[in-house]
Amino acid sequence: MNAPAELPPPAPHKAQQKERHEANKLDKRLLRLAGQAIGDFNMIEDGDKVMVCLSGGKDSYGLLDVLLKLRERAPIRFDLVAVNLDQKQPGFPAHVLPDYLTRLGVPFHIETQDTYSIVTRVIPAGKTLCSLCSRLRRGILYRVASELGATKIALGHHRDDILGTFFLNLFYGGRLKGMPPKLVSDDGRHVVIRPLAYVREADLARYAQVKGFPIIPCNLCGSQDNLKRKEVKRMLLEWERRHPGRVENTFNALARVVPSHLMDAGLFDFRGLKATGVADAEGDIAFDEEPCATPEARPRDDGLALVRFGD
Ligand code: SF4
């Protein structure tokens, strides 16, 4: 009797196939958007050593993961070093990040500084700890960046952080001011970059699930959530749900500023403005209502941004 023919492996379930397809699309989208932001703002240059700040939250895990992948495909050479600041918050699982980074084979540094004790000693009970905590953290991370010889400091802020900050400044600070994708640190010695500037928070949350990152909860310090930030976040979620396109348009507007049509005389010389005597087809029509068409979206050439940082 012939041996029974080997059965083919069972076809993967449709739902599994779909899930895999979606995960693949998400992966590509994150790489494309991060590659594009890096290229648009010239965030990473040949020979850079990028210090990736890793908190143990979904955003910073996503950032490290994406940068590792982009490094493999980029036409330039740059190094990555992951840094975590262990602030000695009660219950912080100190082994999680070293274990993860060792498994990944990424060079890393864990800086242990008990800022938690300082903050809880100095700030009266019931007051929010965040402002002093983040000031201390910033100073420590700048010092660590210098010690490690890092030329760039990468943070995991995403599109929704940038929009949230923009609206907080608008509503409560009376300023048109967001969160820049690239900046020089307040001590003047470091360049801070946000490669996830174009990435939606929901995508990072999904990515963390798909990748199974060992997330460390961010409420260990027991500090109250920033209520105003929460309120703005709720507003954006509501817009996303009820007015498709509004959040995207608002975000895109941050990169299409027209100083001559705002009111900041420091940005545009209104006082010195004179008639030119030359007709301008693109010029202002003054008496009529301005048309309010959505400008063309910026071209986003899938994948190419991955290999064209410097364009
Ligand atoms: S939430 Fe906690 S760890 Fe984060 S800045 Fe505020 S006090 Fe610091």
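Predicted model only: the values in this text are computed from it and were never measured. (Residues numbered from 1 in each chain as written. Predicted model: local features only at pLDDT ≥ 70, side-chain atom pairs only at ≥ 80, totals over all residues.)

Unusually for a residue other than glycine, Asn42 sits at a positive phi of about 50 degrees. Position of Asn42 among the secondary structure elements: in the loop between α1 (14-40) and β1 (49-53). In this model, Lys88 sits at a positive phi of 65 degrees, which is unusual for a non-glycine residue. (Helix = DSSP H or I, 4+ residues; strand = E, 2+ residues; numbered from the N terminus.)

Summarising the model, the protein shows a mean pLDDT of 90, and 87% of its residues fall at 70 or more. Predicted confidence for residues 299-305 stays below pLDDT 50, and this span has 8 contacts to residues more than four positions away or in other chains. (pLDDT = per-residue confidence, 0-100. Contact = placed C-beta atoms within 7 Å.)

Attention shifts here to the environment of Leu80. Along the polypeptide, Leu80 turns up in strand β2 (residues 79-86). On the basis of neighbour count, Leu80 is assigned to the buried category, with 21 C-beta atoms found within 10 Å. Placed 30 residues apart in sequence, Leu80 and Val50 show a C-alpha to C-alpha distance of 4.8 Å. Excluding anything up to four places from it in sequence, Leu80 contacts Val50, Val52, Leu67, Leu68, Arg71 and Val106. (Buried ≥ 20, exposed ≤ 12 C-beta atoms within 10 Å, placed from the backbone.)

Among the 5 residues of β1, 4 are classified as buried, and the element is accordingly described as predominantly covered. Viewed along the sheet, the connection from β1 through helix α2 (residues 58-73) into β2 turns out right-handed. Examined bridge by bridge, β1 and strand β4 (residues 152-154) share 3 bridges and lie parallel to one another. Note that in β4 the partner of Met51 across the bridge is Ile153. (Right-handed = clockwise from strand over helix to strand, strands pointing away. Pairing = 2+ DSSP bridges.)

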